Amino acid sequence: MGDLLKGRNIIIMGVRNKWSIAWGIAEAAHKQGASLVFTYQGEREKADVEKLAAELGGVDVYQMDVASDSDIDAFFDIMKDKYGVVHGLVHAIAFAKREDLQDSFLNTSRDGFALALDISAYSLVAVSRRASELMTEGGSIVTLTYMGSEKVFQGYNVMGVAKAALETSVRYLANDLGPSGIRINAISAGSVKTLSARGVKNFGSILEATRERAPLRRTVELQELGDTAVFLLSPMSGGTTGETIHVDCGMNIMGI
Ligand code: 1JT
């Protein structure tokens, strides 16, 4: 418990279930007194997300598909009417077609490439623009990335390209938003067993390699990702923007 985020209205996009990185962030932010709002993609996610929201006692939940500009506009209209001011935004959303995460990158279709980049990278630009209009007291935006943007991971393919675009978007957005007192940073999470990762073949061997080779000899905990997000959302990180922070038990520093 603490009050690092007390009185701050923070939107979290991408809570899906207990294993979600966004849920780890929600729990950590809740412990620091944040007033949270969750968004979910569509009807399929509604019940699960509402149940999790109830666990934190009175978190508002709204449907918003980042593929739809009208969904995004409608959501931020509600935020403006109901809250007026937004202090924080967590973007924990990515998508790629299953076939594009299995085959070789060489075979990525035009459609698959555009879809992965739209949902995983452009969506940050779209929601940051709307959120920034409500961040009249300054603000902090946090997104999630993965080391597949920097180095080749067999099968990560188009998501690696999307995450590279996401990280570069963070830098350009930091430049645009900085003068308004709004910071934006990315957390590069080590491998964790989320629903997204579950569908990935050989994901077990990635976790195993992390336990064997990462400096800390283990995989990262959701709580550690949550605590880093709290740091980035709070004034504790006031001098940091445009940055990608690795929270991966040191895995990214290793060669073979
Ligand atoms: C997505 C998925 C984004 C899985 C993701 C992701 N970011 C990290 N992971 C886990 C992962 C996946 C692969 C991998 C290593 C880690 C799936 C749905 C779309 C968005 O390959 C080495 C493929």
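The rules we used
Residues numbered from 1 in each chain as written. Predicted model: local features only at pLDDT ≥ 70, side-chain atom pairs only at ≥ 80, totals over all residues. Heavy atoms only, no water. Helix = DSSP H or I, 4+ residues; strand = E, 2+ residues; numbered from the N terminus. Rg over C-alpha atoms; globule rule 2.2 N^0.38 Å. Buried < 20%, exposed > 50% of the residue type's maximum accessible area, 1.4 Å probe, protein only. Contact = heavy atoms within 4.5 Å. Areas by Shrake-Rupley, 256 points an atom, 1.4 Å probe, with all protein chains shown as cover. Lys, Arg positive; Asp, Glu negative; His and termini not counted. Charge placed at Lys NZ, Arg CZ, Asp CG, Glu CD. Near = heavy atom within 4 Å. Polar contact = N/O pair within 3.5 Å; in protein donor to acceptor, adjacent residues only side chain to side chain. Nonpolar A, V, L, I, M, F, W, Y, C, P; charged D, E, K, R; others polar. Phe/Tyr/Trp six-rings, centres within 6.5 Å; stacked < 30°, edge-to-face > 60°. Lys NZ or Arg CZ within 6 Å of the ring centre and 35° of its normal. Pairing = 2+ DSSP bridges. Axes fitted to C-alpha atoms, helices over the stretch in contact; angles between N-to-C directions. Salt bridge = Lys/Arg side-chain N within 4 Å of Asp/Glu carboxyl O.

1. Describing the overall build of the protein chain
What the protein chain contains, in helices and strands, is 8 helices and 7 strands. Computed over C-alpha atoms, the radius of gyration of the protein chain comes to 17 Å, within 12% of the 18 Å expected from 2.2 N^0.38 for 256 residues, which places it in the range of a compact globule. Overall, the protein chain is about 50 × 40 × 40 Å in size when its C-alpha atoms are taken along their principal axes. The buried share of the protein chain, reckoned over its 256 residues, is 51%. Counting only contacts in the protein chain whose residues sit at least 6 apart along the sequence, the fraction spanning at least 24 positions is 74%. Carbon and sulfur atoms provide 51% of the accessible area of the protein chain, an area that totals close to 12,400 Å². Here the protein chain carries 26 positive and 31 negative side-chain charges, and the mean point of each set is 4 Å from the other.

2. Points about the site of the ligand
Taken together, 14 residues sit near the ligand, with Ala96, Gln154, Tyr156, Phe203 and Ile206 positioned nearest. Within the contact set of the ligand, a nitrogen atom lies 2.8 Å away from a side-chain nitrogen or oxygen of Tyr156. In isolation the ligand has 500 Å² of accessible area, and contact with the protein removes 88% of it. Partitioned by chemical class, the residues of the shell around the ligand number 11 nonpolar, 3 polar and no charged.

3. Brief notes about unusual backbone geometry
For residues other than glycine, phi is negative in most cases, and the peptide bonds are mostly trans. One non-glycine residue, Asn157, lies in the positive phi region at around 45°. Positive phi outside glycine occurs at Arg217, with the angle close to 55°. Along the chain, the position of Arg217 falls in the loop between helix H7 (203–213) and helix H8 (222–233).

4. A word on the packing of aromatic side chains
Applying the stated criterion across every chain, the model contains 5 aromatic pairs. Residue placement shows Arg198 over the ring face of Trp19; its charged tip is 5.2 Å from the ring centre.

5. Some thoughts on the sheet that holds strand E5 (residues 139–145)
Spatial ordering of the open sheet is given by E3-E2-E1-E4-E5-E6-E7, a layout of 7 strands whose pairing is parallel. Two strands bound the open sheet, and with one partner strand each, they are strand E3 (60–63) and strand E7 (244–247). Averaged over neighbouring strand pairs, the angle between their axes works out to 20° when direction is ignored. Along the sheet, helix H1 (residues 21–31) contacts strand E1 (9–13), strand E2 (35–40), strand E4 (88–91), E5 and strand E6 (182–189); its crossing angle with E2, the most-contacted strand, is approximately 165°. Where H8 meets the sheet, its contacts fall on E1, E4, E5, E6 and E7, and the angle it forms with E6 comes to roughly 165°.

6. Topic: the pattern of salt bridges
Under the criterion given, the structure shown has 8 salt bridges. Between Asp48 and Arg16 there is a salt bridge, and its shortest N-O distance comes to 2.9 Å. Here Arg16 lies in the loop between E1 and H1 and Asp48 lies in helix H2 (residues 43–55), a separation of 32 residues in the sequence. With relative accessibility at 22%, the residue Arg16 sits in the partly exposed group. The closest approach of N and O atoms between Lys82 and Asp60, which form a salt bridge, is 2.7 Å. Of this pair, Lys82 sits in helix H3 (residues 69–82) while Asp60 sits in strand E3; the two residues are 22 residues apart in sequence, bridging distant segments of the chain.

Nothing here speaks to function; it is all geometry.
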